[in-house]
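Single-letter residue listing:
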Amino acid sequence: MIKKFLDLGYQPLANKYLKSCKKLSIKKKELYRLTVGFDTKTKLVSLFNKIPDRIMFDSNYPYKSSMSKTMTDSFKKLSVEIKKRFNPKLFLEIGSNDGALIKNFNRNQVICVEPCSNLAKITKGKGYITYNNYWDLNLSNKIKNKFNTVDVIYSANTLTHINDLNQVFKSISNLLTQDGILIIEDPSFLECIKKLSYDQFYNEHIYIFSALSVKKLLHEFDLELFDIEKLDTHGGSLRYFIKRINNNKFKIKNTVSKQISTELKFGLANFLTYKKFGISVKKSKNDLIKIFKKIKNKNKKIIGYGATAKATTILNYCNIGDSIIDYFVDTTPDKINRFMPGTKIKIKKYNQKLLDDVNYIYLGAWNFKDEIFKKEKKFIKSGGKFITHVPFPKII
Ligand code: DWN
């Protein structure tokens with residue numbers, strides 16, 4: 001039974017940065033109710049209103065993984081680990097985006113799967129075999145016919161974006177060699193609760209995984225966890241290492257039981273924990289609004305830094321518009337001169353000079369706080385302050 005614990009109101013599509021800020025309309029179905037539930041049986045957290053992937057992931061998907069050093073460094077480190085631990089002859093990435101990970105592999109060793117044609121074009125252009133398709137059984141069979149099986153399948157921040165998890169894992173199992181490895185990484189729901197980062201919920205994040213829910217899910221496909229790594233990326237993620245149950249080549253590490261017992265201790269198996277999270281979110285919203293209003297009453301200038309999908313949830317849920325935040329800065333070419341979804345707040349091309357007369361910066365990309373603080377020493381030195389809602393609304 002799926003029980004609701006969070007209602008973030010009507011939200012626009014998180015990665016649709018429009019050229020004009022015309023008011024979005026509920027009637028025209030441009031706004032979608034964002035409510036979140038917990039399945040008491042499977043322990044899986046999911047959105048109630050699941051938007052078809054074809055609407056969200058099209059030929060103009062703006063997000064590029066290579067836009068932050070944190071992510072490119074993390075992918076480089078991972079590529080070294082994959083080669084050392086698993087030495088794959090053939091490696092497949094589901095959701096290869098702009099190739100931030102696969103650029104660390106040889107061209108004849110990698111298969112990219114990417115549904116957004118603008119991104120698929122990038123890896124194709126660099127000579128990597130790229131399927132511009134959604135991940136499903138048809139595609140899995142098509143790849144199988146050509147390459148037989150694959151040794152390692154990897155997917156970061158993608159499987160949680162696909163509605164039909166049943167088909168996702170069936171298609172993976174279909175293609176994986178008998179002793180093949182699946183590695184997935186996604187934001188951890190435990191970290192989401194600890195950091196009160198409710199902005200991890202937007203229409204693309206159909207599911208937020210916990211080790212508890214992943215373990216249960218895998219069992220249905222004769223797959224199991226054999227290692228878990230904790231990552232700082234995207235506000236706290238888990239990297240799950242998965243094998244077939246009958247594959248004895250890899251021992252199950254105690255990182256798996258450790259993570260699961262931590263989650264159980266934290267109450268991730270009980271609805272009450274989720275209900276409390278929902279209540280804390282309402283308080284966080286009110287406290288954040290108070291901070292913005294107090295600053296604005298002093299006639300100070302606030303801008304946003306990092307036009308993230310996450311920020312869309314915050315702006316629309318907390319009703320923060322252009323009377324509070326003058327503009328956002330971002331480095332992503334496809335977001336520039338467009339508007340934060342659902343608002344009249346413009347996104348400007350990042351340029352340090354744009355921060356000169358700014359008093360406060362709202363950290364849309366709070367998950368890259370360290371990278372941003374390092375870059376913006378001048379702003380901090382001159383008395384500039386940051387606003388964040390993680391782990392609670394405050395000025396830093
Ligand atoms: O799962 C998803 C994650 C991985 O990426 C997708 N569904 C969508 C996207 O979510 P997001 O937009 O919340 O991701 P990020 O990685 O937090 O976005 C960071 C944004 O900040 C990018 O637009 C780049 C920008 N940025 C910047 O302008 N200057 C980032 C850094 C570090 C910077 O210095």
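Fair warning: this is a prediction, and the values are worked out from it, not measured in the lab.

A. Geometry of the layout of surface pockets. Looking at the second largest pocket, its volume works out to about 580 Å³. Together, 21 residues line the second largest pocket, and N367, F368, K369, D370 and E371 are the ones closest to its centre. Elements with a minimum of two residues in the lining of the second largest pocket: α2 (69–86) and α11 (369–375). With five residues, α11 is the largest single contributor of residues to the lining of the second largest pocket. Looking at side-chain class alone, the lining of the second largest pocket contains five nonpolar, six polar and ten charged residues.

B. Structural detail: the pairing of strand β5 (residues 110–113). Of the two faces of β5, the one holding V110 and C112 and the one holding I111 and V113 are both buried throughout. Across four bridges, strand β4 (residues 91–94) lies against β5 in parallel orientation. What sits directly across from L92, in β5, is I111. When β5 meets strand β6 (residues 129–131), the two strands line up parallel, connected through three bridges. When the bridges of β6 are listed, V113 appears paired with Y131.

C. Representation of the site of the ligand in the model. Of all residues adjacent to the ligand, which total 25 residues, the nearest are E204, K310, D330, K335 and K375. Between an oxygen atom of the ligand and a side-chain N or O atom of N367, the distance comes to 2.8 Å. For the ligand, the protein covers 97% of the area, taking 710 Å² as the surface of the free molecule. Sorting the residues of the shell around the ligand by element identifies α10 (309–317) and α11 as the ones contributing at least two each. Partitioned by chemical class, the residues of the shell around the ligand number eight nonpolar, eleven polar and six charged.

D. How the structure looks around the pattern of salt bridges. Evaluated as defined, the whole model comprises 21 salt bridges. Here K195 ties to E191 by a salt bridge, and the two come within 2.7 Å at their closest N and O atoms. K378 is the partner of D356 in a salt bridge, and the nearest nitrogen-oxygen pair spans 3.4 Å. Of this pair, D356 sits in the loop between β14 (346–349) and β15 (360–363) while K378 sits in helix α12 (residues 377–381), and the two are 22 residues apart along the sequence. Overlapping salt bridges bring together E81, R85, E185, D227, E229, R239 and K253 as one network.

E. Region of interest: unusual backbone geometry. Looking along the chain, the bond that leaves V390 and enters P391 is cis, with omega of 0 degrees. You can see P391 is positioned in the loop between β16 (385–388) and β17 (394–395). A positive phi angle is found at L196, which is not glycine, with a value near 50 degrees. The residue L196 is located in the loop between α6 (189–194) and β9 (207–208) in this model. Notably, N319 is not glycine yet its phi reads approximately 55 degrees, a positive angle. Within the secondary structure layout, N319 lies in the loop between α10 and β13 (327–330).

About the cut-offs
- Residues numbered from 1 in each chain as written.
- Predicted model: local features only at pLDDT ≥ 70, side-chain atom pairs only at ≥ 80, totals over all residues.
- Heavy atoms only, no water.
- 1 Å grid on protein atoms, 1.4 Å probe; cavity = no way out; pocket = protein on both sides within 12 Å on 5 of 7 lines; lining within 4 Å.
- Points joined across faces, edges and corners; volume = space filled by probe spheres on them.
- Helix = DSSP H or I, 4+ residues; strand = E, 2+ residues; numbered from the N terminus.
- Nonpolar A, V, L, I, M, F, W, Y, C, P; charged D, E, K, R; others polar.
- Buried < 20%, exposed > 50% of the residue type's maximum accessible area, 1.4 Å probe, protein only.
- Pairing = 2+ DSSP bridges.
- Near = heavy atom within 4 Å.
- Polar contact = N/O pair within 3.5 Å; in protein donor to acceptor, adjacent residues only side chain to side chain.
- Areas by Shrake-Rupley, 256 points an atom, 1.4 Å probe, with all protein chains shown as cover.
- Salt bridge = Lys/Arg side-chain N within 4 Å of Asp/Glu carboxyl O.

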